[in-house]
Amino acid sequence: MSAIRAATTVIRPARDSDADAVAEVFLASRAAAMPYLPRLYDDEQTRAWITQVMLPASTTWVAESTATAEILGFAALDGDLLAHLYLRPDARRQGIGTALLARAQQASPGGLSLRVFTRNSAARVFYERHGFRPVDSDDGSRNEENEPDMTYHWPGLR
């Protein structure tokens, strides 16, 4: 498999027709990066949530390969909350997450917040490298997975 690069992707607004591909990215990414998370919903329930809740309620962008038109990742904003940023496992460390994050930052120049599971050290390093700082932590009582998490904040463009 050839390397996937941010230069061979386009960041574009998500369409309703992207729902299945977004669900596949979500499921594959969580399984690869966070195997310790409990599976609370089956694949069909996850697809329904993405189709009926996440996409309609969020400003969502996808990273699409210009060579294959495959969806490699997505980012979803809910106001000034970066609710989701997920990549296909084979698309990590290629600049695609940075490109998606930059698009979300452009859309929220006054700042962004997000939550990340405490054990997800790779995500924490990624966000800290991009100017996010931890502002609180929780024992897991505020998320469905009951997994300790942290809130990060990016102060915006100055």
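See the structure printed just above.
Residues numbered from 1 in each chain as written. Predicted model: local features only at pLDDT ≥ 70, side-chain atom pairs only at ≥ 80, totals over all residues. Heavy atoms only, no water.

**Student:** How should the overall build of the protein chain be read in this particular structure?
**Tutor:** Helix and strand content of the protein chain: four helices and seven strands. Helices and strands appear in the protein chain in the N-to-C order β-α-α-β-β-β-α-β-α-β-β. Taking 15 Å as the expected radius of gyration for a compact globule of 158 residues, we find that the protein chain reaches 15 Å, a close match to that expectation. Considered along the principal axes of its C-alpha atoms, the protein chain spans approximately 40 × 40 × 30 Å. Every one of the 158 residues in the protein chain was classed for burial, and the buried ones make up 44%. Counting only contacts in the protein chain whose residues sit at least 6 apart along the sequence, the fraction spanning at least 24 positions is 63%. (Helix = DSSP H or I, 4+ residues; strand = E, 2+ residues; numbered from the N terminus. Rg over C-alpha atoms; globule rule 2.2 N^0.38 Å. Buried < 20%, exposed > 50% of the residue type's maximum accessible area, 1.4 Å probe, protein only. Contact = heavy atoms within 4.5 Å.)

**Student:** I'm lost on the packing of helix α1 (residues 19-33) against helix α2 (residues 43-57) in this one. Help?
**Tutor:** Relative orientation and spacing of two packed helices are given, respectively, by the angle between their axes and the distance between those axes. Contact geometry of α1 with α2 gives a least axis separation of 9 Å together with a crossing angle of 120°. One finds that α1 runs oblique with respect to α2. Of the two possible hands of crossing, α1 and α2 adopt the one that is right-handed. On α2, the residues that touch A19, D20, V22, A23, E24, F26 and L27 of α1 are D43, T46, R47, W49, I50, T51, M54 and L55. (Axes fitted to C-alpha atoms, helices over the stretch in contact; angles between N-to-C directions. Parallel < 35°, antiparallel > 145°, perpendicular 65-115°, else oblique. Left-handed = near helix turned anticlockwise from the far one by under 90°.)

**Student:** Can you walk me through the environment of L157 in this structure?
**Tutor:** With respect to the helices and strands, the residue L157 is situated in the segment after β7 (149-154). Overall, L157 belongs to the exposed group, its relative accessible area being 58%. When the C-alpha positions of L157 and E24 are compared, they lie 32 Å apart, and in sequence the two are 133 residues distant.

**Student:** Sorry, what's going on with the nonpolar core here?
**Tutor:** In summary, soluble globular proteins display a tendency toward joint burial of nonpolar side chains. L82, L85, L100, Y127 and F132 are the most contacted members of the largest nonpolar core, which totals 23 residues. When residues of this core are traced back to their parent elements, those giving at least two are β2 (59-65), β3 (71-78), β4 (81-87), α3 (96-107), β5 (112-117), α4 (121-129) and β7. When residues in this core are grouped by element, the largest group, four residues, is from α3. Not counting residues within four places of it along the chain, the set of residues in contact with L82 comprises A75, A76, L77, L101, A104, L112, S113, L114 and Y127. (Core = buried A, V, L, I, M, F, W, Y, C linked by side-chain atoms within 4.5 Å.)

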